[in-house]
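Spelled out from the first residue to the last, the chains are:
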Amino acid sequence: MSTPPGNPANSANPATPAARQSLTTVCAAMAGAIPLMTLVLWFVLATEGIGEFPKGWPTLAVLAAAVGAYSICELIGFRTPPLEYSNRPAAEVQTDSWLRFTSSTFTRFGLCEGVFMISVALSFVAASFWVVLLGAILSLPLILWEAWPGERNQRRFAAALESGGVPSYLTGRLQD
C-alpha cells in the first residue's frame, strides 16, 4: 500500500527537502564567516609575517575549547524530549520536528563557532595569527561534523524524537 502524496511519511514530500535546504543554506552562510574573518585578521595580526607558533596557554585554551564543544555536542547536543502521542496531523508533527531540529542545530553551531570566537580573542592576547588559524582549523570541522544538517545529524535527532514511539517524519521514515 502506498502513502498518499500529501503524507509527510512519503519521502517525496517537498516540505522536507525545502526545510533541510534552507537550514543548510543558513549554516553555510554562518560557517562562511569563519574563513572571511580569518582572512581579515591576517591583515591585522600578521603584518610582519606569520611568525612562530606561540607557546603557552592561548593555544591550549583553544584546544580545550574545541574538546569541550565536541564533548558537549556529542553528549547532550542531540538530546531532546521525545514526541508525545497526540491527534495532531502528520504535517504538524513534521513541522514541530523540524523546528526542534533547527533549534538544536543552531545551539550546536554556536558551541562549535565559539571555539573560533575564543581563538579570536586569545589571538590578541598572544599577538599571534596562529591562534586564529588554529581556531578556524578546529571549528570548521567541528561545525561540519556536529552542526551541519546532514543525514547523520538528522538521523541522530530523529532517533531522539522518536524514542517514545511517535514518528517524527524528520527523515521521512521511522528511525531504528
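Residues numbered from 1 in each chain as written. Predicted model: local features only at pLDDT ≥ 70, side-chain atom pairs only at ≥ 80, totals over all residues. Heavy atoms only, no water.

We now examine the overall build of the protein. When helices and strands are counted, the protein shows 5 helices and 0 strands. Looking at the protein as a whole, 40% of its 176 residues qualify as buried. By sequence separation, contacts in the protein at least 24 residues apart represent 77% of the contacts at least 6 residues apart. If you sum the accessible surface of the protein, you get close to 9,400 Å²; carbon and sulfur atoms cover 68% of it. (Helix = DSSP H or I, 4+ residues; strand = E, 2+ residues; numbered from the N terminus. Buried < 20%, exposed > 50% of the residue type's maximum accessible area, 1.4 Å probe, protein only. Contact = heavy atoms within 4.5 Å. Areas by Shrake-Rupley, 256 points an atom, 1.4 Å probe, with all protein chains shown as cover.)

Moving on to the confidence of the model for the protein. Here the protein shows a mean pLDDT of 84. Residues at 70 or above account for 88%. Confidence drops under a pLDDT of 50 for residues 1-15, and excluding neighbours within four residues, the segment shows 15 contacts in the predicted structure. (pLDDT = per-residue confidence, 0-100.)

Turning to the pattern of salt bridges, a few remarks are in order. In total, this model carries 6 salt bridges according to the counting rule given. A salt bridge links Glu 74 to Arg 156; its shortest N-O distance comes to 3.2 Å. Here Glu 74 is found in helix α2 (residues 57-76), whereas its partner Arg 156 is found in helix α5 (residues 151-161), with 82 residues between them in sequence. For the salt bridge of Arg 88 with Asp 96, the shortest nitrogen-to-oxygen distance reads 3.7 Å. For Arg 88, a relative accessible area of 29% translates into the label partly exposed. What makes Asp 96 partly exposed here is its relative accessible area of 23%. Where salt bridges share partners, they join Arg 20, Glu 151 and Arg 155 into one cluster. (Salt bridge = Lys/Arg side-chain N within 4 Å of Asp/Glu carboxyl O.)

Relative placement of two packed helices is described by the angle separating their axes and the distance separating the axes. Following both chains from N to C, one finds helix α3 (residues 90-126) and α5 inclined at 120°, their axes separated by 11 Å at the closest point. Overall, the two elements α3 and α5 adopt an arrangement that is oblique. Crossing of α3 over α5 shows right-handed handedness. Along its contact with α3, which presents Ser 97, Trp 98, Arg 100, Phe 101, Ser 104 and Arg 108, the element α5 presents Asn 153, Gln 154, Phe 157 and Leu 161. For the contact of α3 with α5, the class distribution of residues is 4 nonpolar, 4 polar and 2 charged. (Axes fitted to C-alpha atoms, helices over the stretch in contact; angles between N-to-C directions. Parallel < 35°, antiparallel > 145°, perpendicular 65-115°, else oblique. Left-handed = near helix turned anticlockwise from the far one by under 90°. Nonpolar A, V, L, I, M, F, W, Y, C, P; charged D, E, K, R; others polar.)

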